[in-house]
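Each chain, letter by letter, is given below.
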Number of protein chains: 2
Amino acid sequence: MHIEKEFHSLKAKKLIARNPLAKEAYDEIKEAISAMTRAINNAAKKSNGVSLLKEPFYQALETKGWSREKPLEILSVKGGPIDVFKSFSNSFNVGIEVETGNAASSHRSLNKLLLGICNGELDLAILMMPIHQLSVYLTDRVSNYEEISPYLRLVEQDPFIVIGFDVEEYSSDVPCLPKGTDGNSKRSVKV
Amino acid sequence: MHIEKEFHSLKAKKLIARNPLAKEAYDEIKEAISAMTRAINNAAKKSNGVSLLKEPFYQALETKGWSREKPLEILSVKGGPIDVFKSFSNSFNVGIEVETGNAASSHRSLNKLLLGICNGELDLAILMMPIHQLSVYLTDRVSNYEEISPYLRLVEQDPFIVIGFDVEEYSSDVPCLPKGTDGNSKRSVKV
């Protein structure tokens, strides 16, 4: 997998250009994306699950000291955690949401990251999702980069990156990724 | 029905205090809320539909010149309309989303209204939903005011109002509101 489309706010651009910790975070994310499957079965629409799609990404980040399911203090009373988190040098906090729920769910992920920034818990936030072309072959109604694009101006004043990922190859010869029971249903209980 | 809980951003407070058109809009909304059912059947959880709950509100606003399903220019390529809209004196534009989808859907409604403000298409935005106590007796997983509350700081810089409505009476003697087929399912196709 690789980054096919992306949005960097002005603040995110400046951070990556000037702050070595931000650059390190972005490089680790790019590398972890390359650990995800390089080919997807395109014999039929909606035929690949999303849980196993994300797993190699999470595992690659864990080897670099990232941790999963980070609760935000501001959502401590009610609200799900952020998917992946790392505090660089105990001073620069980065949060990632890997969105494989539906379009509405991607708005919740975006707002959760924004809330983390507002509350000083995140210094850089990354929202990741498949591009539309890839989403067609994933679980039904999975959100895609193009769908959230009109809303990017809501994050343009914040240190925010949105990434649309894609595979290197579409092929009917590779096996489908199995569908778990924890894809959309797991997301839908988050608030 | 009446307003049980509400949030007014500083900008919204100032508008209602100083701009007669904003005051008129808010008064019309309050009056339309009072046209909604005053009692709900509480014999069983999740037993009342939401479509008919909203209908008297919409109809009351229509008699005051509001219109339903207003598309935003900024979402013209892709994206659903705003639930209710009125341009006061062709100069002060107010948009309302009446949220009866799930929690994720309420984030999309909030972001849609914010986008309308960002793009200069709305001068005042109102997000309405049941309070938690009422939502318990409505369609499963309907979002509620308390659930979105931690996110209110995302709208505090904008002319934004969030309203949590409630009935006057909970009773096992009143008929249940019938469930349509266009509640959550209708919302879920909006982007």
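Cut-offs and rules
- Residues numbered from 1 in each chain as written.
- Chains lettered and ligands numbered in written order.
- Predicted model: local features only at pLDDT ≥ 70, side-chain atom pairs only at ≥ 80, totals over all residues.
- Heavy atoms only, no water.
- Buried < 20%, exposed > 50% of the residue type's maximum accessible area, 1.4 Å probe, protein only.
- Helix = DSSP H or I, 4+ residues; strand = E, 2+ residues; numbered from the N terminus.
- Pairing = 2+ DSSP bridges.
- pLDDT = per-residue confidence, 0-100.
- Contact = heavy atoms within 4.5 Å.
- Buried area = accessible area lost by both parts, 1.4 Å probe.
- Polar contact = N/O pair within 3.5 Å; in protein donor to acceptor, adjacent residues only side chain to side chain.
- Nonpolar A, V, L, I, M, F, W, Y, C, P; charged D, E, K, R; others polar.
- Least-squares fit on C-alpha atoms with pLDDT ≥ 70 in both.
- Salt bridge = Lys/Arg side-chain N within 4 Å of Asp/Glu carboxyl O.

A. Expanded view of the pairing of strand S6 (residues 124–130) of chain A. Residue and element names in this part refer to chain A. Of all the seven residues making up S6, seven are buried; the element is thus mostly covered by neighbouring parts of the structure. Pairing between strand S5 (residues 92–98) and S6: five bridges, direction parallel. Within the sheet, the bridge partner assigned to Ile96 lies in S6 and is Ile126.

B. Structural view of the confidence of the model for chain A. Residues with a pLDDT of 70 or more make up 93% of chain A, whose mean pLDDT is 90. Scored by ipTM, the complex comes to 0.88, with pTM at 0.90.

C. Region of interest: the interface of chain B and chain A. Each partner contributes to the interface: chain B provides 24 residues, whereas chain A provides 24 residues. Taken over both partners, the interface formed by chain B and chain A buries close to 2200 Å², and the fraction arising from carbon and sulfur atoms is 62%. Per-residue buried area on chain B facing chain A is highest for Asn111, Tyr151 and Arg153 of chain B; these three make up 25% of the total on that side. At the boundary of chain B and chain A, one finds seven residue pairs in polar contact (both at pLDDT 80 or more). The dominant element in the side of chain B that touches chain A, judged by the number of residues it contributes, is helix H4 (residues 103–118) of chain B, at eleven residues. Taken together, the residues of the side of chain B that touches chain A sort by class into 13 nonpolar, five polar and six charged.

D. Representation of the relation of the copies chain B and chain A within the structure. Aligned on chain A, chain B shows an RMSD of 0.0 Å; the corresponding rotation is 180 degrees and the shift along the axis is 0.0 Å. Between the two chains, the operation in question is that of a two-fold axis. The overlap is high: 100% of the interface residues of chain B also sit at the interface in chain A, so the same surface is used on both sides.

E. Just the pattern of salt bridges, in detail. For the coordinates displayed, the defined rule picks out 14 salt bridges over all chains. Linking Arg68 of chain A and Glu62 of chain A is a salt bridge whose minimum nitrogen-to-oxygen distance equals 2.9 Å. Overall, the relative accessible area of 30% leaves Arg68 of chain A in the partly exposed class. Residue classification places Glu62 of chain A among the partly exposed residues on the basis of a relative accessible area of 36%. A salt bridge links Glu28 of chain B to Lys86 of chain B; the nearest nitrogen and oxygen atoms lie 3.1 Å apart. One end of the pair, Glu28 of chain B, is in helix H2 (residues 20–33); the other, Lys86 of chain B, is in strand S4 (residues 82–88), and 58 residues separate them in sequence. Each member of the pair Glu28 of chain B and Lys86 of chain B is classed as buried.

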